[in-house]
Each structure stands twice: as structure tokens, then as C-alpha cells.
Amino acid sequence: MASELPTTFDKPVHIAVIGGTGLRSLPGYTPLAVLNPETPWGFPSSPIHILSHNGVPIAFLARHGVHHQFAPHEVPVRANIAALRHMGVRCVIAFSAVGSLQEDIRPMDFVVPDQIIDRTKGIRPFTFFEGGLVGHVGFADPFDHKIASVVKECASAMGGEGSKLHEKGLMICMEGPQFSTRAESNLYRTWGGSVINMSALPEAKLAREAEMVYQMICMATDYDCWHSTEDVDVAMVLEYMTKNGENAKHLVGAVVDKLAREEHSDMVLGKHWEGETAKAVKFM
Ligand code: ADE
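Predicted model, so just to flag it, every value in this text is computed and none were measured. (Residues numbered from 1 in each chain as written. Predicted model: local features only at pLDDT ≥ 70, side-chain atom pairs only at ≥ 80, totals over all residues. Heavy atoms only, no water.)

## A closer look at the site of the ligand
- Close contacts around the ligand come from Ala-97, Val-98, Gly-99, Met-174, Phe-179, Ile-196, Asn-197, Met-198, Thr-221, Asp-222, Asp-224 and Val-232, and that covers them all.
- Gly-99 is positioned with one of its backbone polar atoms (N or O) 3.2 Å from a nitrogen atom of the ligand.
- Side-chain polar atom of Asp-222 to a nitrogen atom of the ligand: 2.7 Å apart, as the coordinates give it.
- For the ligand, the protein covers 94% of the area, taking 260 Å² as the surface of the free molecule.
- Among the cavities detected, the one that contains the ligand is the largest pocket.
- Mapped by element, the contributors of at least two residues to the shell around the ligand are strand S5 (91–100), strand S10 (195–197) and strand S11 (213–223).
- Taken together, the residues of the shell around the ligand break down into seven nonpolar, three polar and two charged. (Near = heavy atom within 4 Å. Polar contact = N/O pair within 3.5 Å; in protein donor to acceptor, adjacent residues only side chain to side chain. Areas by Shrake-Rupley, 256 points an atom, 1.4 Å probe, with all protein chains shown as cover. 1 Å grid on protein atoms, 1.4 Å probe; cavity = no way out; pocket = protein on both sides within 12 Å on 5 of 7 lines; lining within 4 Å. Sits in = over half its atoms within 2 Å of the grid points. Helix = DSSP H or I, 4+ residues; strand = E, 2+ residues; numbered from the N terminus. Nonpolar A, V, L, I, M, F, W, Y, C, P; charged D, E, K, R; others polar.)

Structure, rendered in C-alpha cells:
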């Protein structure tokens, strides 16, 4: 099917969804084009689908690849962000499966994080600023509170049983691909951690460098290992993801609908920046 779609798109696309484990497509939208631009940082994780809803184009990118072939530490994040920015994207909704570090965040609940602690190991390429190109961006508030408000307003779209939306949370982003030790998991709880994943960084940092507003929506798929004597197990993560996939799609769909109505607003266009740093991401 995809091969019959155009491979170019001549209008700017302002809003993107980056889907994680369990959210590999956005059904119900009209496919317009499939683009696979080569950037100076290589190709994105997957071809980028341009979908339309009520006439507004949205870019959808599967973070882990069409066949889930990229582990979190292997995702070509710079290519992903550069490719989206090149299409005109200024507003990113990123979806991620997470482990819960708190009793009241139950598997299948959603969390809209407002802060993050970086526990990646600095071995993933994490900046566009290098090789003589010097730049610094503020990152005190890694997520976008205006988009977060839109996500909260859309909580009722889930309608599914038992899934609660937590309006804020401290995310721990770890390196992986191994899950945490019990000691690490308990340490993160003493820091006040709410949820843990392996994908928020460097994605959020690179989006900030590219002057895009960025908000992650998390879905809890397990209690991290602090909770029991069991290990975290991938089968459990996937089981919850599959069970809750419909809720995830409804929530993301409602958020995108609402943002699409604001397509030209300052919120979606990240107008508060309009700075110089995004030059680093330009490649054509
Ligand atoms: N993604 C989903 N569950 C996770 C966990 N427990 N730790 C890190 N990343 C995760």
C-alpha cells in the first residue's frame, strides 16, 4: 500500500507523532505520502507517513522502526529529529512505554511527565552542536506545558476501563537495553521518580535544539523491579501494551485532533523560539 503513495509532499507539516513500542501506526487518518529523507545523520528509523485529518497533515514516525528493529540505544535520533524538522515540524507528541516507580501508577495508566533525570550513559549521539558548531539551549523544563495541558484535556478520550491519566511525573531515562537492578530502581524512588524508560533522551534534547515543542505521553506497562521479587519481563510489557493499545491510540488521536485545530498557532509553531539554533539541523 505504502509504495503507491507519493514519496514527496510539498506543504509544510507542523505536527508530528513519534510512536513507541505498541504505537506503530495511527489508524483512521488518510495517508497522503510516505517520505524517507536521507539526512547528514542517516535515514530516520522508519519512513515518515504523512497523514491527514480534517485537512491538516500530520507526520507519523515509528521510533523503533517498522519491524521494531532498533533497540532504544540504536535509534537514529538525530536523523529522526532532523528529518521531521526539515519537513516543517515544530510540535512533537512522543509516545513511550514506561515502567512505574510508584504504587499509584498502575500498569495501563498514562503519565504526562513534566521533568526528567538523565541516566543514559552519554554514549548515544545527543547533540547537533559539534564539529565547530557551538550552541547551548536551555533545558530546565524539558517538556512543553501547553501541550501537556492539551493532553490532560483529552484524558476522557480514552474511555477504557481502569486507565488513569496522571497529570505530572518525574521520568528517569536510563540507558538499557537491560532493565534496572533492584538497587537502582529503589534509588530512583528515593529521588521521587514516577516512571522509567529508555527512549525520552536524547530525543527531547535534540527536539529542543531543533526548536520544536515536545511532550512525551507515557503508558505504564509494568511496575519496575522495586515492586516485587520478580524481574521486569518483556512479555509483560508487551502484554499490557497490546491490551491498552486502543486507549493509547484514542488518546494520541484526540491530542492530535486538538493540536491540528491550532495548527497555525504559536503553541504548535514553537514561536517562542524562532532562534538561531535550528540552523544546525538544516541540511538542504
Ligand atoms: N520500558 C517499559 N518498562 C520499563 C522499565 N521497567 N524500565 C525501563 N524501561 C521500560
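After that view of the structure, there is still more to cover.
## Focus on the side chain of Ser-45
- Within the secondary structure, Ser-45 is located in the loop between strand S2 (30–35) and strand S3 (48–53).
- The buried category is assigned to Ser-45, whose relative accessible area is 5%.
- A polar contact of 2.8 Å, which involves the side chain of Ser-45, links it to the backbone oxygen of Arg-63.
- Setting aside residues no more than four positions away along its own chain, Ser-45 makes contact with Leu-61, Ala-62, Arg-63, Gly-65, Val-66, Gln-69, Phe-70, Val-75, Pro-76 and Asn-80. (Buried < 20%, exposed > 50% of the residue type's maximum accessible area, 1.4 Å probe, protein only. Contact = heavy atoms within 4.5 Å.)

## Describing the confidence of the model for the protein chain
- Residues at a pLDDT of 70 or more form 92% of the protein chain, whose mean pLDDT is 89.
- Scored as a complex, the prediction yields pTM 0.93 and ipTM 0.99. (pLDDT = per-residue confidence, 0-100.)

## Brief notes about unusual backbone geometry
- Looking along the chain, the bond that leaves Gly-176 and enters Pro-177 is cis, with omega of 0 degrees.
- Counting through the fold element by element, Pro-177 comes out in the loop between strand S9 (170–174) and helix H3 (182–190).
- At the junction of Leu-201 and Pro-202, the peptide bond is cis and its omega measures out at 5 degrees in the coordinates.
- The topology assignment puts Pro-202 in the loop between S10 and helix H4 (203–209).
- The backbone of Glu-211 shows a phi angle near 60 degrees, a positive value even though the residue is not glycine.

## As for empty space enclosed by the protein
- In this structure the tally under the stated criterion is one cavity of 30 Å³ or more.
- Its boundaries defined by the atoms lining it, the largest cavity holds a volume of some 50 Å³.
- The wall of the largest cavity is formed by Arg-63, His-64, Pro-72, Val-75, Val-77, Arg-124, Met-198, Ser-199, Leu-201, Pro-202 and Glu-203. (Points joined across faces, edges and corners; volume = space filled by probe spheres on them.)

## Description of the layout of surface pockets
- Of the voids in this model, the largest pocket is the one considered here, and its volume is about 450 Å³.
- Considering the residues around the largest pocket, the lining is formed by 24 residues, among which Thr-21, Pro-72, Phe-179, Met-198 and Val-237 are closest to the centre.
- Of all the secondary-structure elements, those providing two or more residues to the lining of the largest pocket are S5, S10, S11 and helix H5 (234–243).
- Take the lining of the largest pocket: its biggest share by element is four residues, from S5.
- Among the residues making up the lining of the largest pocket, the classes are represented as 12 nonpolar, nine polar and three charged.

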